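The lines below spell out each chain.
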Amino acid sequence: MMNMSNSLVWFRRDLRAFDHAALHRALTTSNCVYCVFVYDRDILDPLPRDDRRVRFIHASIASLDAELRRLGAYLIVRQGRPLDVIPALAAELEADAVLVGSDYEPDAVERDARMNARLEADGRKFFSLKDQVIFEKEEVLTLAKGPFSVFTPYKNAWLKRLAAMPETLASYPVDQYADAFAPPPGPPALPSLEELGFEPGEPPLPAGMEGAEELFERFVGHIADYGRARDFPSENCTSRLSTHLRFGTTSIRHLVRTAQQMVVTGAGGPGASVWLSELIWRDFYSMILARNPHVVTRSFKPAFDALAWESGEEADALFAAWCEGRTGYPLVDAAMAQLNQTGFMHNRLRMVTASFLTKDLGIDWRRGERYFALKLNDYELASNNGGWQWAASTGCDAQPWFRIFNPVSQSLRFDGQGEFIREWVPALERLGAKEIHAPWLVGDAVLAEKGVVLGRDYPLPVVEHDQARKKTLERFSVVKKAVG
Ligand SMILES: Cc1cc2nc3c(=O)[nH]c(=O)nc-3n(C[C@H](O)[C@H](O)[C@H](O)COP(=O)(O)OP(=O)(O)OC[C@H]3O[C@@H](n4cnc5c(N)ncnc54)[C@H](O)[C@@H]3O)c2cc1C
């Protein structure tokens, strides 16, 4: 790569100042490196004024600026449309190039193509570098050089490629090249949440690089048990790093390196390799989206576009009950309460609630996917779409269409004592482990003793599972011929 006098690193989903592909490249090839983050008004304007993700980003930007200042640098923060802001700033700073971490979501790909054209017209370069995945869409292929659509062979090929190319995990250091940073022109002048048009408030989880590291260190202390405990929401044993991975406040290479070392040395017990697999799922869905942008609006498998989902007033009422945690199925309602109140939902419960919406209520997965997109702190198009299409059986390597989670069995199996339900559905907190999973099966007298009247304190089930199951099997019979 050419040697540049000035360059501009545009931070997007990589809000950190260590192991950073674009920063490393800029610092090692330019005399003077500027850093910018743009609050994109097209994204911010439609959001609720108390949006939890904006709080997370805002706190992470403060942490990034502080770390850059420790290195003798600073973060320029602007608001507007990146396609206007970035070319103007690059001109103002006389930057030869703008460098970014690659983003694989279809809208971002289109925006970056326009950015590239705009900068090129001004005589500047645009460099997009792999940073947020270990392997991009062309890097892990079948023996016939085609794409994978099933996870396990993809994972095996991914691990094989990593073993053959261990340098893939090498860090992109920043500290030792810090001399090339442009020094701060004055003290920090970051916009407050109010100045951005949002209500003040705390982020929903520890933010910034230090927040990520704190969570990771805590998680590594019990990673050995992850394989067993990860399916039980009340054990709260997963890493909670998804939001940090979404915004790049941690580095995927750093996480994979650590997990892999713990697998090799045995220090991570059986849990470390299971956790590593979860990180590979993230690459898998990123690859699926990048290669199949049609999945954003359509089924991965075209035959499933023929499914006739429920619509109309009744379906709208059922959808509202699902969103608000009023389905009468305690585990589903507890999960939706966790999502609505915190912006997080445990993975097992994402599967249970997505299955309930699509296969018990017969509602289009796209409606659920959009609701999760609004609410999840860690919302990421690739994994959310992949998860929803998995649950709805419309995706690649999805749950077979005739396999339908029973919400009560799931509850008995993964929240046997009802601890998670009690935490999130206070109306049921006095019910015992035998009663809490299906309160409509408990006699009125027993419920009355515990202070619960169904239909008043807690809803009756909005559908009957066995009937819903039959309806779903009929609904999916249209795809039977195509997919067996
Ligand atoms: C319907 C549905 C929707 C989902 N939507 C999202 C989403 O918008 N954003 C998101 O990051 N994950 C999503 N997931 C995947 C998974 O539920 C979350 O990544 C996980 O619950 C986050 O918690 P954690 O960080 O404690 O995970 P951990 O169990 O600690 O896993 C570590 C990391 O691995 C990755 N990971 C774990 N499971 C998956 C998976 N199934 N697919 C892809 N990556 C995975 C995540 O980056 C996660 O942070 C979804 C799953 C389903 C079934």
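Residues numbered from 1 in each chain as written. Predicted model: local features only at pLDDT ≥ 70, side-chain atom pairs only at ≥ 80, totals over all residues. Heavy atoms only, no water.

Undergrad: Tell me about the packing of aromatic side chains, and please be specific about residues and values.
TA: For the structure shown, the criterion picks out 27 aromatic pairs. Ring centres of Phe 135 and Trp 158 lie 5.6 Å apart, and the angle between their planes is 80°; on these two criteria the pair is classed as edge-to-face. Taken together, the residues Phe 135 in the loop between β5 (125-129) and α6 (151-164) and Trp 158 in helix α6 connect sequence positions 23 residues apart. Since its relative accessible area comes to 1%, Phe 135 is described here as buried. Note on Trp 158: relative accessible area 0%, which makes it buried. Taking the centre distance of 5.9 Å and the plane angle of 50° together, the rings of Phe 232 and Phe 414 count as tilted. On the criterion of sequence distance, the pair formed by Phe 232 in the loop between α8 (226-229) and α9 (242-247) and Phe 414 in helix α17 (residues 407-414) is long-range, its members being 182 residues apart. Overall, Phe 232 belongs to the partly exposed group, its relative accessible area being 25%. Under the relative-accessibility criterion, Phe 414 is labelled buried at 5%. (Phe/Tyr/Trp six-rings, centres within 6.5 Å; stacked < 30°, edge-to-face > 60°. Helix = DSSP H or I, 4+ residues; strand = E, 2+ residues; numbered from the N terminus. Buried < 20%, exposed > 50% of the residue type's maximum accessible area, 1.4 Å probe, protein only.)

Undergrad: Any chance you could break down the pattern of salt bridges for me, citing the residues and the numbers?
TA: The tally for this structure, following the rule as stated, stands at 33 salt bridges. One salt bridge in this structure joins Asp 457 and Arg 456, with 2.9 Å as the shortest N-O distance. The class for Arg 456 is exposed, based on a relative accessible area of 60%. The network of salt bridges with shared partners includes Arg 16, Asp 19, Asp 131, Arg 253 and Arg 257. (Salt bridge = Lys/Arg side-chain N within 4 Å of Asp/Glu carboxyl O.)

Undergrad: Would you mind going over unusual backbone geometry in detail, with residue names and values included?
TA: In this structure, Glu 94 is a non-glycine residue whose phi angle is positive, near 55°. A relative accessible area of 57% means that Glu 94 is categorised as exposed. Notably, Lys 145 is not glycine yet its phi reads approximately 65°, a positive angle. Mapped onto the secondary structure, Lys 145 falls in the loop between β5 and α6. The class of Lys 145 is exposed, set by a relative accessible area of 64%.

Undergrad: I'd like a rundown of the packing of helix α15 (residues 365-375) against helix α16 (residues 381-391), residues and numbers included.
TA: With their axes 10 Å apart at the nearest point, α15 and α16 run at an angle of 145° to one another. In the crossing of α15 with α16, the sense of the turn from one axis to the other is right-handed. For the pair formed by α15 and α16, the contact residues are Trp 365, Gly 368, Glu 369, Arg 370, Phe 372 and Ala 373 on the first element and Leu 381, Asn 384, Asn 385, Trp 388 and Gln 389 on the second. Looking at the contact of α15 with α16 residue by residue, the class counts come to five nonpolar, four polar and two charged. (Axes fitted to C-alpha atoms, helices over the stretch in contact; angles between N-to-C directions. Left-handed = near helix turned anticlockwise from the far one by under 90°. Contact = heavy atoms within 4.5 Å. Nonpolar A, V, L, I, M, F, W, Y, C, P; charged D, E, K, R; others polar.)

Undergrad: If you had to explain the pairing of β5 to someone new, which residues and values would you point to?
TA: Strand direction decides the pairing type here: strand β4 (residues 97-101) and β5, joined by five bridges, are parallel. Its bridge partner being in β5, Val 100 is matched across the sheet by Ser 128. What joins β4 to β5 is helix α5 (residues 106-121), and the crossover it makes is right-handed. (Pairing = 2+ DSSP bridges. Right-handed = clockwise from strand over helix to strand, strands pointing away.)

Undergrad: Could you give an account of the sheet that holds strand β1 (residues 4-11), with specific residues and numbers?
TA: Within the open sheet, the five strands sit side by side as β3-β2-β1-β4-β5. Their pairing is parallel. The sheet is open, and its two edges are formed by β3 (76-80) and β5, each paired on a single side. Across the sheet, the mean angle separating the axes of adjacent strands is 30° when strand polarity is ignored. In terms of strand pairing, β1 meets strand β2 (residues 30-40) through seven bridges, oriented parallel. In the strand pairing of β2, Val 9 is matched with Cys 35. Contacts between α5 and the sheet are confined to β1, β4 and β5, with β5 contributing the most and set at about 150° to the helix.

Undergrad: Quick one: what's the story with the UniProt feature "domain: Photolyase/cryptochrome alpha/beta" (unreviewed entry) in the protein chain, residue by residue and with numbers?
TA: Following the UniProt record, one finds the feature "domain: Photolyase/cryptochrome alpha/beta" (unreviewed entry) at residues 5-134. In residues 5-134, the share of helix is 45% and the share of strand is 25%. The end C-alpha atoms are 30 Å apart. (UniProt positions renumbered as here; feature names shortened; annotations may be inferred.)

Undergrad: How would you summarise the site of the ligand if you had to cite specific residues and measurements?
TA: Around the ligand lies a shell of 27 residues, among which Tyr 226, Thr 238, Ser 239, Arg 240 and Asn 347 are the nearest. A distance of 2.6 Å separates an oxygen atom of the ligand from a polar side-chain atom of Thr 238. Side-chain polar atom of Ser 239 to an oxygen atom of the ligand: 2.6 Å apart, as the coordinates give it. A total of 820 Å² of accessible area belongs to the ligand in isolation, and the protein chains cover 96% of it. Of the residues that constitute the shell around the ligand, the class distribution is 14 nonpolar, seven polar and six charged. (Near = heavy atom within 4 Å. Polar contact = N/O pair within 3.5 Å; in protein donor to acceptor, adjacent residues only side chain to side chain. Areas by Shrake-Rupley, 256 points an atom, 1.4 Å probe, with all protein chains shown as cover.)

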